[in-house]
Amino acid sequence: MGFYENHVLPLIMDVALARLKEDRRELIRQASGNVLEIGMGNGVNLPFYTNSTKQIVALEPCEAVVKKAKRKLRAWADDGTLQLGEESYDLVVGGGEKLQFDDNSFDTIIASLVFCSIPDSTTAAKEAFRVLKPGGKLLFFEHVRSPDQLMSRIQSFVNPFWKVFACGCSLTCDTETVFKEAGFDYKTITKFRNPKMSPPFTAWMIKGQATKPV
Ligand SMILES: C[S@@+](CC[C@H](N)C(=O)[O-])C[C@H]1O[C@@H](n2cnc3c(N)ncnc32)[C@H](O)[C@@H]1O
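Just so it is clear, the structure is predicted and the values come from calculations on it, not from any experiment.

Asker: Which parts of the structure should I look at to understand the sheet that holds strand β1 (residues 33-38)?
Answerer: Within a sheet, each strand pairs with its neighbour through backbone hydrogen bonds, oriented either parallel or antiparallel. The strand order across the open sheet formed by seven strands is β3-β2-β1-β4-β5-β7-β6, and the pairing between neighbours is mixed. Across the chains shown, the open sheet's two edge strands, defined by having one partner strand only, are β3 (89-93) and β6 (185-193). This sheet shows a mean twist of 15 degrees between the axes of neighbouring strands, independent of strand direction. In the sheet, β6 pairs with strand β7 (residues 204-211) via eight bridges, with the strands oriented antiparallel. Bridge pairing links Ile189 to Gly208 in β7. Packed on one face of the sheet, helix α3 (residues 63-79) meets β2 (53-60) and β3 and runs near 165 degrees to β3. Relative to strand β5 (residues 132-143), helix α4 (residues 121-131) is tilted by about 145 degrees, and along the sheet it contacts β1, β4 (106-112) and β5.

The structure is reproduced here in structure tokens:
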């Protein structure tokens, strides 16, 4: 990974996604037990975990970004931003397509704005399914292809440029189908346009909860 991916893009993301604080809080407060967060980025969700969770393993393929998240975690622990002790978090380097965990290990998996960036999202969804316990929940908050025909065309047109700018992030994902085909059952799913997402062609989203059948 180069300077842009390691240092510049994470800063751009911090600014562009700063308005999502309440969306993040709403997603993460539903987490419980042992949690795996895939593609945590700078660790922006970490302060929102509550004492319903036991241990949080947060994964990110980019080593420099994991180091940054560890520095942030330390600062948040020091200034009282975290709701849990620092020892509740394990920040590790790794990609979603090959998870280094046993089958049925986690009670909750968090997918927050990440499946758009995983090159092989089908394999990553199957891996998430494998490591989730039966009855466990996948909590997701993902931007996807727009159902609006004109916007969908705009997304297809912009996508090759956007992928370069945003290090592989795709605007045209059908993440709802990817999760379904991996075996997840939807408990709740909301499809909506999130006015807090920018630029506007990233605003179509799905959020909700899916489970691994018992
Ligand atoms: C748009 S950022 C989202 C970060 C964070 N989850 C959030 O909610 O803001 C996408 C993240 O996916 C990560 N990513 C890219 N490829 C990945 C992969 N194969 N497995 C897991 N994460 C990946 C990127 O490094 C980046 O941190």
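Asker: What is the right way to read the nonpolar core from this model?
Answerer: One recurring pattern in soluble globular proteins is that nonpolar side chains are buried together. In terms of nonpolar packing, the biggest core is built from 48 residues, with Ile109, Ala128 and Leu138 touching the most fellow members. Those residues in contact with Ala128, other than ones at most four positions away along the chain, are Ile38, Ile109, Leu138 and Ala182.

Asker: Looking at this structure, how should I read the site of the ligand?
Answerer: Gly39, Gly41, Gly95, Gly96 and Ser112 are the nearest of the 22 residues found near the ligand. When its residues are assigned to classes, the shell around the ligand shows 13 nonpolar, seven polar and two charged.

Asker: Please clarify how unusual backbone geometry should be interpreted in this entry.
Answerer: When glycine is set aside, most residues are seen to have a negative phi, and most peptide bonds are trans. The omega torsion across Ser198 and Pro199 is 0 degrees, close enough to zero to call that bond cis. Relative to the helices and strands, Pro199 resides in the loop between β6 and β7. With a phi close to 55 degrees, Leu113 is a non-glycine residue in the positive phi region. Along the polypeptide, Leu113 turns up in the loop between β4 and α4. Overall, Leu113 belongs to the buried group, with 23 C-beta atoms counted inside 10 Å. Here Cys167, not a glycine, exhibits a phi torsion of approximately 55 degrees, which is positive. Given 17 C-beta atoms within a 10 Å radius, Cys167 is considered partly exposed.

Asker: In this structure, what is going on with the pairing of β3? I would like to understand it.
Answerer: Along a regular strand, successive side chains alternate from one face of the sheet to the other. Pairing geometry for β2 and β3, over five bridges, is parallel. What sits directly across from Ala58, in β3, is Leu91. Handedness of the β-α-β unit built from β2, α3 and β3 comes out right-handed.

Asker: Would you explain the environment of Cys173 in this entry?
Answerer: Tracing the backbone shows Cys173 in the loop between α5 (149-165) and α6 (175-182). A count of 20 C-beta atoms within 10 Å places Cys173 in the buried class. In sequence terms Cys173 and Ser121 are 52 residues apart; their C-alpha atoms lie 9.1 Å from each other. In contact with Cys173, other than residues within four places in its own chain, are Phe115, Cys116, Ser121, Val144 and Arg145.

Parameters at a glance
Residues numbered from 1 in each chain as written. Predicted model: local features only at pLDDT ≥ 70, side-chain atom pairs only at ≥ 80, totals over all residues. Pairing = 2+ DSSP bridges. Helix = DSSP H or I, 4+ residues; strand = E, 2+ residues; numbered from the N terminus. Axes fitted to C-alpha atoms, helices over the stretch in contact; angles between N-to-C directions. Contact = placed C-beta atoms within 7 Å. Core = buried A, V, L, I, M, F, W, Y, C linked by C-beta atoms within 7 Å. Buried ≥ 20, exposed ≤ 12 C-beta atoms within 10 Å, placed from the backbone. Near = placed C-beta within 6 Å. Nonpolar A, V, L, I, M, F, W, Y, C, P; charged D, E, K, R; others polar. Right-handed = clockwise from strand over helix to strand, strands pointing away.

Read these as layout, nothing more, since geometry by itself doesn't imply function.
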